[in-house]
Amino acid sequence: MNIIVAADQNWAIGKDNKLLISIPADMKFFRTTTTGKVVVMGRKTLESFPGGQPLKKRTNIVLTRDKNYKVKDAIVVHSIEEVLEELKKYDSEDVYVIGGDSIYSQMLPYCDTAHVTKIDFAYEADSWFPNLDEDPEWKIAEESEEQTYFDLEYTFVKYVRK
């Protein structure tokens, strides 16, 4: 199972239920990587999308504690156990956990690959991703050349579980 995230220098990923920054190349990487695949997210992440609608051309699985929560064109589950049961229907290589912070933390133990867009800047934030550089279970498998978006530098880093 995969996890995909964009994080700043401090592993911050968002503020006020929004991404810290929208980098076109990162958005394209996300779209290309997840299209035709299964995406797992929390309710707040879904609600942060345009119109609060599930992502097109993907199987959307939304985790929420709200038992009455319904959303068109998405599978709604209410626990990690339910998510894992639902995911048995799919090839784990086609599953991408896409946020937010509590979903990332809960699902990370079940993932073996993490696609991290590392942004060389520190933003003001209220949500974070676990620091894989400090986690002995993870190592960098691939890293892109440094990219630039205006004056912002970032790299695409692929982590794998050791």
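Use the structure listed above.
What comes next is a walk through the structure. Quick caveat: nothing in here was measured; it's all calculated off a predicted structure.

Right, let's get into the side chain of asparagine 60. Relative to the helices and strands, asparagine 60 is located in strand S5 (residues 59-63). From its side chain, asparagine 60 meets the backbone oxygen of leucine 55 in a polar contact 2.9 Å long. Looking at asparagine 60, its side chain comes within polar contact range of the main-chain oxygen of arginine 58, at 3.1 Å. The contact partners of asparagine 60, leaving out residues within four places of it in the chain, are Val39, Met41, Pro54, Leu55, Asp73, Ala74 and Ile75.

Right, let's talk about helix H3 (residues 80-87) for a bit. At 3.6 residues per turn, the α-helix brings residues three or four places apart onto the same side. Every buried residue of H3 is accounted for by Ile80, Val83, Glu86 and Leu87. Projected down its long axis, H3 carries its buried residues within an arc of 125°, all on one side. In this fold, the buried residues of H3 make contact with strand S4 (38-42), S5, strand S6 (75-77), strand S7 (95-99) and helix H4 (101-107).

All right, on to the nonpolar core then. Soluble globular proteins tend to bury their nonpolar side chains together. In terms of nonpolar packing, the biggest core is built from 28 residues, with Leu87, Val97, Phe129 and Leu132 touching the most fellow members. For this core, the elements supplying multiple residues, two or more each, are strand S1 (2-7), S4, S5, H3, S7, H4, strand S8 (113-119) and strand S12 (152-161). Of all hydrophobic cores here, the second largest spans 12 residues; its members include Val39, Phe49, Val62 and Ile98.

Reading the values: rules and limits
Residues numbered from 1 in each chain as written. Predicted model: local features only at pLDDT ≥ 70, side-chain atom pairs only at ≥ 80, totals over all residues. Heavy atoms only, no water. Helix = DSSP H or I, 4+ residues; strand = E, 2+ residues; numbered from the N terminus. Polar contact = N/O pair within 3.5 Å; in protein donor to acceptor, adjacent residues only side chain to side chain. Contact = heavy atoms within 4.5 Å. Buried < 20%, exposed > 50% of the residue type's maximum accessible area, 1.4 Å probe, protein only. Arc of directions from axis to C-beta. Core = buried A, V, L, I, M, F, W, Y, C linked by side-chain atoms within 4.5 Å.

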